[in-house]
Amino acid sequence: MVIAVNTRFLLKENLEGVGYFIKEVFSRLALAYPQHRFYFIFDRPYDESFIVSSNITPVVVPPPARHPVLWKYWYDIKIPALLKKIRADVFISPDGMCSLRTRVPQCLIVHDLGFLHQPEAYKRSHLFFFKRYTPAFIKKAAYVATVSGFSKKDMTERYGTEPGRINIVYSAAKEVFSPSSWERQEEIKAKFTEGKEFFIYIGAIQPRKNLVNLLKAFSIFKKRQQSAMKLVLVGRQAWKNEAFLELLRTYKYRTDVILAGYQDEQTLTSLLGAAYALVYPSLFEGFGVPVLEAMKCNVPVLTSAGTSMQEIAGEAGLYFDPGSHTDIAEKMMLIYKDETLRDRLISQGSEVAAQYSWQRTAMLLAECLQLKGKT
């Protein structure tokens, strides 16, 4: 088979989310199926480190597509021409967009429908594009995949897509996440929190992450527990975070909140491994990778009920109503006071985390494409 893959999110210096998914999954597929020819399609110069196997042929198809007008041009004009030239048997697009102008069968991977749930978090031009074309993309694709049962249900309810058309190919966490030694934990606490225990949040600073409610919950925790506990927020500041920053400026416990910003992979792993618990109050996620990362680090998870995070963590999580800062605070106090509960969540979390891997994701996608046995 000739398998064309949209790899425009493989950016060496900015490998996040979808880009990391592409790197981990398609490098494994290429190595596992040497009988197939993979074309990695970039929209700009690529890094050679992404070409991990001799059956991968990189192709640059300009222009760089980072705007809805260029998306339309890239997918509907440039991609069909390339697919015809290389005689592709299938085109896989892991970023939720595909071509509406090719006859080549396509596999569309939709990670979530966040633009429908929290439209305020998207640029107006992007929002218009996703709302208009996502139903058409799903209808056009020969194969549809997503990363959780939560997202699958969302697509079936929003667009009436037949459940049997949607395959679940669960995501995973980076292999670098693992438990930290006691010595490393103490080093991290000395560096970031003056040696104090801390709750941690990992993710962008933006409205859908629900950080205003997290601050309100932490305030209740501090008042009632009279604890030296800190709150460490790790992640870049995204747009539309004015309400959060305004609250933080006048926050009574401002000295106990550490804005750690973006951290490199090694520091992030150590920070997470030293945390007392992860508090992840996001209102909407297609998968919720930080939850899995915490469980791999033997850190208990507190997160939003009724979301994909609850599906992923199962009985290994402690859940709250993300719309209620008082409920978030109650769960923070509960994990703080109940060491038996904390130990149980750590143990169960380790078992749950072991079920997820990029190899599993790759094989689930291979089953979706029915690669085994094809030549």
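Attention here is on the structure that accompanies the text. (Residues numbered from 1 in each chain as written. Predicted model: local features only at pLDDT ≥ 70, side-chain atom pairs only at ≥ 80, totals over all residues. Heavy atoms only, no water.)

Right, let's talk about a nonpolar patch on the surface for a bit. On the surface, a nonpolar cluster with roughly 240 Å² of combined accessible area is contributed by L70, Y73 and I77. With respect to the secondary-structure elements, I77 resides in helix α2 (residues 68–86). (Patch = residues over 30% accessible without salt bridge, like charges linked within 9 Å, V, L, I, M, F, W, Y side chains within 5 Å. Areas by Shrake-Rupley, 256 points an atom, 1.4 Å probe, with all protein chains shown as cover. Salt bridge = Lys/Arg side-chain N within 4 Å of Asp/Glu carboxyl O. Helix = DSSP H or I, 4+ residues; strand = E, 2+ residues; numbered from the N terminus.)

A few words on the nonpolar core. Counting 99 residues, the largest nonpolar core has F26, L29, F199, I200, M332 and L365 as the members making the most contacts within it. With sequence-adjacent residues up to four places away left out, F199 is seen in contact with F218, F221, M229, K230, L231, V232, Y276, A277, V279, M332 and I335. Formed by 33 residues, the second largest nonpolar core is a distinct cluster that contains A4, W71, M97 and L108. (Core = buried A, V, L, I, M, F, W, Y, C linked by side-chain atoms within 4.5 Å. Buried < 20%, exposed > 50% of the residue type's maximum accessible area, 1.4 Å probe, protein only. Contact = heavy atoms within 4.5 Å.)

Along the chain, R342 turns up in helix α13 (residues 339–353). One buried charged residue, R342, remains without a salt bridge, the closest side chain of opposite sign being E339 at 4.3 Å. Residues within four places of R342 in sequence aside, it is in contact with A275, Y276, P300 and I335. (Lys, Arg positive; Asp, Glu negative; His and termini not counted.)

Before going further, it helps to spend a moment on the sheet that holds strand β6 (residues 143–146). Sheet strands associate in pairs through backbone hydrogen bonding, adopting either a parallel or an antiparallel arrangement. Taken in spatial order, the seven strands make up an open sheet running β3-β2-β1-β4-β5-β6-β7, and their pairing is parallel. Only two strands of the sheet have a single partner each, and these edge strands are β3 (56–60) and β7 (166–168). Taken over all neighbouring pairs, the strand axes of this sheet differ in orientation by 25° on average, direction set aside. In this sheet, β6 lies alongside strand β5 (residues 106–109) in parallel orientation, the contact comprising three bridges. (Pairing = 2+ DSSP bridges. Axes fitted to C-alpha atoms, helices over the stretch in contact; angles between N-to-C directions.)

Throughout the structure, instances matching the rule amount to 20 salt bridges. Note that R66 is salt-bridged to D43, the shortest N-O span being 2.9 Å. Of this pair, R66 sits in the loop between β3 and α2 while D43 sits in the loop between β2 (37–42) and β3, and the two are 23 residues apart along the sequence. With relative accessibility at 32%, the residue R66 sits in the partly exposed group. For E197, the salt bridge is made with K189, and the minimal N-O distance between the two is 3.6 Å. Residue E197 is classed as partly exposed on the basis of its relative accessible area, which comes to 35%. A single salt-bridge network, built from bridges that share partners, covers K23, E24, R28 and E175.

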